[in-house]
Amino acid sequence: MEERLQKIYDRFQKREYRNLRQKESAMPCKFYEEKDLAIRSARRLMEAVEAEKAMLFAEDKIGMMRTLQKLPPLLTEKEAEEVRAKYFIFDGAQVGNISSDYASALQGGLEGKLKEIEKEIKKYKTGSKEYNELYAMNLTIDAVYALAEKYKKEAEKLGIKELACALEHVPAHSPKSYYEALVMMRLLNFSLWLNANKHNTIGRFDVYMYPYFQADIASGKLTREEALELTSEFFIDLNFDADLYPGVQQGDNGQSMVLGGMGTDGKEVFNELSKVCLEASLQLNLIDPKINIRVGKNTSYDTYYLGTLLTKKGLGFPQYSNDDVVIPALMEMGYEEEDARNYVVAACWEFIIPGVAYDIPNIDALSYPNVMLTAAEKLEAFDTFPALMAEVKKNLTATCKQLIASTKNIFVEPSPFQSVMMTNCIKEAKDIADGSKYNNYGFHGAGLSTAADSLAAIKKLVYDEKKYTAEELKAALKANFKGYEKLHADCLAAPKMGNNDDYVDSIAVELTDCFADGLKGEKNERGGIFRAGTGSAMYYIWLSEHLGATPDGRYAGEPFSANYSPSLNVKFDGVLSVIHSFTKPNLGRICNGGPLTLEFHDTLFRNDEGTQKVAQLVKLFVENGGHQMQLNAINRDTLLDAQKHPEDHKNLIVRVWGWSGYFNELDVVYQNHIIKRLEFLS
Amino acid sequence: MKQAIVFSIEEFSVYDGPGIRTTVFFKGCPMRCNWCHNPEGLSQKIQVVKAPNGCLHCGACEKICAHKDGCVACGNCISVCPRGLIRYSGVAYTTKELFEKLKKNSDYLKQAGGGVTFSGGECLLYADFLHELIPMLKEIGVHTAIQTSGYASEADFMKVISVVDYVMFDLKVMDREKAIEYTGRSNEPILRNFELLKKSGVKFMARTPLIPGVTDTEENLTAIAEKVKNSGALGIELLPYNKMSGSKYTMVGMEYHPKFDEKSEVNANVELFRRYGIQAKIM
């Protein structure tokens, strides 16, 4: 690493810069006087910019760090109470977890956006809703300009001429170079966070940044090494304020970047800049940005190999998404071909479209085990296994309807700056909170393997072999298997999803199809549809904590597996069988997102042969119809030691559910889940 | 129908031959290599073993045990473990059963240029079994390989060599006395079988575990290089001593007593082999 970059990197690793943050917010909070919430939001951003201190260091070329620790809520306590009483609130009611249209902002500059607003605002009466929306958007651009001006002055003061010079031009105008494009991106990303937006994804960086990169490389203005250095700096910068970004756990901040895949024109995107990004991530070892690679049947082995080098680092990414499954699935859901081809992932793995979608792909989660257990509570009522399955499916369908009903009457805070960053909000004089071209909701599907394994155990032990009666099994579950050790051992020994055994895998296929059927044809109040998924998010903990013992041998309160993965309480034949099992469901029908997760002991990567073969394995998964995969290189002993001696493992990074974070910064329940995942891996 | 005792089938084993492979570990070995990291593979008998991680020390397994003087693998303790940590090591398979099991992933193995590797223990203890099974796998297009210490009768060795696609052949200790001291067996049958392998025309790779002060001495490595030179071997794979070797002994109720200094660095002298024109790779 170059000395300059090393300095920035060290500054981040030491964390001392955090002491430079303002102890108390300097925001006067006058914005509450504004009644119109869109304009109020814009005024809050203006106040935040006003209160921010431009903070640069001599070694920065891009820089920027937050000094405001907290942003005041948009609503007063009283207003919030009223809203909570009247509406359904999701994730704090802020817009987030969507993908901005960085491309159009870069192409036209914010001046382009302003011109568009100027043109549109003339169509509306002063004080009308549309007028106010556009006016608010205009104010946010002014705020971003003020922020840029502050940083320009600071750059001048410190003698960072190139930054001062770049800020002379961006964000108002389209960048003249890759460097300027990076500065503009940093400013836009920084502003979205300062605007209280959540889970601000980075999107298809190698698509919207490529023209600037390519032009500079072609003209000789920039060498590849310089591009790598600048990209690395931009990556480090994304980490400085990450502890301030809201999420369920620290690290859950949504800064996912997507590389490669089919372009809107149908051609492969993966380019030299994609490689530069992978190299930057490889040399930095940081949790942000979280790298995703889009792949497909035409993806070369080399791409998988580069990705696997990152896996080997133990960062828990890249995550792979399979275009051959995802694009047709999105089109089936109603996305236009060009949009489907342009998909990215949201904070974790949900498939969303940049610029034109305000999908809420994580609005709630189905608990497969809960649905199963509700039926199993009446086990003696069913003479045959198909009768039990029919009851399970009846419950599942009913749960789908409940989930759908619970999404009604949603309230989302307006976000004029996020609206500026979308493709059509200005043209339609509409805040993004009021929807976009796509307004679909997605439900996760947590605990699939727990449910499928449980049903397989019931089928085998109660119906096929008649080894236990329904009453005995129910009593054992009630007693949390205490006093039923033999029965428990038989439950554990029953077929498990992940061993390529149709006995249980076929049950998983039925369950997932039923989930898809249960949502089919339903419309949400914003005109969108409901998407079924394979993710778990934090629901593998939330939905399992209070759930009793299950017939697969899981004790009461034990977690499900995260995402789309085999259960934690059994040893499996191996990854080939796991891949077979988990590609059996009709993945195109449950394509909201949620990866198959595979854990590998880090010694597997001890020489290049291991790395090559893991790359081949991912390719195998993709070529056999897997939709999404995420791999971990991990060592249980290291994690145990980190629990005992956190001071020795400050930079230990682990994958949690859809994101990577620092092990030390996780609650112990999440730490223990990761350790448990690895019990059978040695 | 032939039968074999298998103690593990490992999918996606990456260091056991070309491509993505499934490795079958047969139970039982005539050798007693001092550094063996797979003590489960020594006895040909089915055993009861307990996984080292996750034990609650609840005492349930000890309470039910009726053979405290010596385990007879009755398996009574298996079902009482609340964590499911105790299991049988060793499953008897007929050729048909093992074939069916391996066939389930054969599509992936073929697609990824891999196949099935038979290891152990010593797979040649099951020469008749392999002689029957390997052609069945080849019939459905699956590449086959063995990993062997080379210690077997000429007849058994040839039985397998005549059908298998690829051989990973261990050359451990070349000195006759030291071989007995460290591997518990004479190396004469091994060296004889190595000559047979050379003549067979089967593709093969030499393999040497690098044990500090035992196999990794300049003298031993030179002797191995002399042997491998012009033998037709594709090269040699050097496997540095695994410091975790002793970790599985308690699992099978044994103790690990290395007669060498575990902590000293291994001499992974790739250069020595290169001087002989041998492709050497550290695994």
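Every value quoted in this text rests on a predicted model; they were computed, and no experiment measured them.

Here we look at the overall build of chain B
Consideration 1: Helix and strand counts for chain B stand at ten helices and eleven strands.
Consideration 2: Relative to the globule expectation of 19 Å for 283 residues, the C-alpha radius of gyration of chain B, 20 Å, shows essentially globular dimensions.
Consideration 3: Projected onto its principal axes, the C-alpha coordinates of chain B cover approximately 60 × 45 × 30 Å.
Consideration 4: Within chain B, the fraction of its 283 residues that count as buried is 52%.
Consideration 5: Sequence-distant contacts in chain B: of pairs separated by 6 or more residues, those separated by 24 or more amount to 73%.
Consideration 6: Within the structure as shown, chain B displays about 12,500 Å² of accessible surface, and the carbon and sulfur contribution to it stands at 51%.
Consideration 7: Distance from the positive charge centre (35 side chains) to the negative charge centre (32 side chains) of chain B: 4 Å.

Observations concerning the environment of Pro551 of chain A
Residues and elements named next belong to chain A.
Consideration 1: Residue position: Pro551 is located in the loop between α22 (539-542) and α23 (575-582).
Consideration 2: Note: C-alpha distance between Pro551 and Val49 (502 residues apart in sequence) is 56 Å.
Consideration 3: Leaving out residues up to four positions away in the same chain, Pro551 has contacts with Met372, Leu373, Ser454, Ala457, Ile458, Leu473, Leu477 and Cys491.

Digging into the sheet that holds strand β2 (residues 256-259) of chain A
Residue and element names in this part refer to chain A.
Consideration 1: The five strands lie next to each other as β2-β3-β4-β12-β11, forming an open sheet whose pairing is mixed. Each edge of the open sheet carries a strand with a single partner, namely β2 and β11 (596-601). Averaged over all neighbouring strand pairs, the angle between strand axes comes to 25 degrees, with direction disregarded.
Consideration 2: One ladder, built from six bridges, connects β11 with strand β12 (residues 628-634); its direction is parallel. If you follow Glu599 over to β12, its bridge partner there is Asn632.

Observations regarding the interface of chain A and chain B
Consideration 1: The partner chain B presents 29 residues to the 36 residues of chain A that form the contact.
Consideration 2: Note on chain A versus chain B: buried area summed over both sides is about 2,700 Å², and carbon and sulfur give 51% of it.
Consideration 3: Counting the surface chain A buries against chain B, the share from its top three residues, Leu576, His580 and Lys613 of chain A, is 21%.
Consideration 4: The interface formed by chain A and chain B holds two salt bridges in total.
Consideration 5: For Asp573 of chain A, the salt bridge goes to Lys101 of chain B, with nearest N and O atoms at 2.9 Å.
Consideration 6: Linking chain A with chain B are 17 residue pairs in polar contact (both at pLDDT 80 or more).

Some details on helix α19 (residues 470-478) of chain A
Residue and element names in this part refer to chain A.
Consideration 1: Of the residues making up α19, those classed as buried are Ala470, Leu473, Ala476 and Leu477. Burial along α19 is one-sided: seen end-on, the buried residues are contained in an arc of 130 degrees.
Consideration 2: Its buried side turned inward, α19 meets α15 (368-376), α18 (448-464) and α20 (485-493).
Consideration 3: At the C-terminal side of α19, Asn480 shows a positive phi close to 55 degrees.

As for the pattern of salt bridges
All names here are of chain A.
Consideration 1: Tallied over the entire structure, the rule returns 60 salt bridges over all chains.
Consideration 2: Residues Glu233 and Arg4 are paired through a salt bridge, measuring 2.9 Å at the closest nitrogen-oxygen approach. Placement of Glu233 in helix α10 (residues 224-240) and of Arg4 in helix α1 (residues 3-14) is noted, with a sequence separation of 229 residues between them.
Consideration 3: Residue classification places Glu233 among the buried residues on the basis of a relative accessible area of 0%.
Consideration 4: Looking at Arg4, the relative accessible area reads 17%, which means it is buried.
Consideration 5: A salt bridge links Arg186 to Asp241, with the nearest nitrogen and oxygen atoms 3.7 Å apart. Here the residue Arg186 occupies a position in helix α7 (residues 178-194), and Asp241 occupies one in the loop between α10 and β2, the gap between them amounting to 55 residues.

Some details on the domain arrangement of chain A
A common way to state how big an interface is: give the accessible area lost once the parts meet.
Residues and elements named next belong to chain A.
Consideration 1: One can read the domain layout of chain A as domain 1 (3-347) and domain 2 (360-387 + 416-594).
Consideration 2: Centre-to-centre separation of domain 1 and domain 2, based on C-alpha positions: 34 Å.
Consideration 3: Buried surface at the junction of domain 1 and domain 2, summed over both partners, amounts to about 3,100 Å²; 68% is from carbon and sulfur atoms.
Consideration 4: The largest per-residue losses of area from domain 1 upon contact with domain 2 belong to Phe90, Met137 and Met333, which jointly make up 19% of the total buried on that side.

Concerning the side chain of His488 of chain A
Consideration 1: Assignment of secondary structure puts His488 of chain A in helix α20.
Consideration 2: Looking at His488 of chain A, the relative accessible area reads 3%, which means it is buried.
Consideration 3: At a separation of 3.4 Å, a polar atom in the side chain of His488 of chain A contacts the side chain of Tyr555 of chain A.
Consideration 4: With residues up to four places along the chain from it excluded, the contact list for His488 of chain A reads Phe481, Gly553 and Tyr555 of chain A together with Pro82 of chain B.

What counts and how
- Residues numbered from 1 in each chain as written.
- Chains lettered and ligands numbered in written order.
- Predicted model: local features only at pLDDT ≥ 70, side-chain atom pairs only at ≥ 80, totals over all residues.
- Heavy atoms only, no water.
- Helix = DSSP H or I, 4+ residues; strand = E, 2+ residues; numbered from the N terminus.
- Rg over C-alpha atoms; globule rule 2.2 N^0.38 Å.
- Buried < 20%, exposed > 50% of the residue type's maximum accessible area, 1.4 Å probe, protein only.
- Contact = heavy atoms within 4.5 Å.
- Areas by Shrake-Rupley, 256 points an atom, 1.4 Å probe, with all protein chains shown as cover.
- Lys, Arg positive; Asp, Glu negative; His and termini not counted.
- Charge placed at Lys NZ, Arg CZ, Asp CG, Glu CD.
- Pairing = 2+ DSSP bridges.
- Axes fitted to C-alpha atoms, helices over the stretch in contact; angles between N-to-C directions.
- Buried area = accessible area lost by both parts, 1.4 Å probe.
- Salt bridge = Lys/Arg side-chain N within 4 Å of Asp/Glu carboxyl O.
- Polar contact = N/O pair within 3.5 Å; in protein donor to acceptor, adjacent residues only side chain to side chain.
- Arc of directions from axis to C-beta.
- Domains from an automatic or database assignment.

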